[in-house]
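# Descriptive analysis of the structure
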Amino acid sequence: DDDGSNEYETEFDDSCPSGCEVTLYDQVVELREKRLDQEDCLSEIQRSIEDAQRAHERHVQRNKQISRDVISHSKEIRCFQTEKQQTLNKCANG
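I will try to describe carefully the structure that is included in this document. (Residues numbered from 1 in each chain as written. Predicted model: local features only at pLDDT ≥ 70, side-chain atom pairs only at ≥ 80, totals over all residues. Heavy atoms only, no water.)

## Overview of the overall build of the chain
Helix and strand counts for the chain come out as two helices and zero strands. Relative to its 94 residues, the chain shows a buried fraction of 3%. Surface exposure of the chain reaches about 8,600 Å², of which carbon and sulfur atoms provide 51%. (Helix = DSSP H or I, 4+ residues; strand = E, 2+ residues; numbered from the N terminus. Buried < 20%, exposed > 50% of the residue type's maximum accessible area, 1.4 Å probe, protein only. Areas by Shrake-Rupley, 256 points an atom, 1.4 Å probe, with all protein chains shown as cover.)

## Let's talk about the pattern of salt bridges
For the coordinates displayed, the defined rule picks out three salt bridges. A salt bridge links Glu-39 to Arg-35; its shortest N-O distance comes to 3.8 Å. With Glu-39 and Arg-35 both in helix α2 (residues 22–93), this residue pair falls four residues apart, about one helical turn. Owing to a relative accessible area of 38%, Glu-39 belongs among the partly exposed residues under this scheme. (Salt bridge = Lys/Arg side-chain N within 4 Å of Asp/Glu carboxyl O.)

## Regarding α2
Its 72 residues place the ends of α2 105 Å apart at the C-alpha level, agreeing with the 106 Å of an ideal helix rising 1.5 Å per residue. All of the buried residues in α2 are Tyr-25, Val-29 and Ala-55. (Expected span 1.5 Å × (residues − 1).)

## As for a negative patch on the surface
Negative charge collects at one region of the surface, where Asp-14, Asp-26, Glu-33, Asp-37, Asp-40 and Glu-44 lie side by side. In this structure Glu-33 comes out as partly exposed when scored by relative accessible area, which is 47%. (Patch = residues over 30% accessible without salt bridge, like charges linked within 9 Å, V, L, I, M, F, W, Y side chains within 5 Å. Lys, Arg positive; Asp, Glu negative; His and termini not counted. Charge placed at Lys NZ, Arg CZ, Asp CG, Glu CD.)

By themselves these figures say nothing about function.
Right under this line is the structure:
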């Protein structure tokens, strides 16, 4: 980048230093590129993990709400059934 947006790339001298074997230098550059690729992959994986953790937490909260709703509706049904039975008992006795 000529605009200096990536400081590492603009400051990195890609030439082999004097006194260093070119093949060794090329291997170092290749390993450096592999490491940077691995760091990018790691960052993507970490973002995916964080997204999955947030989604899991949302599902856990939704599950808790559904459980509370089920309990509430079950109580309402029991109350209705009791009231219905009491009404039927009154009709049968009356």
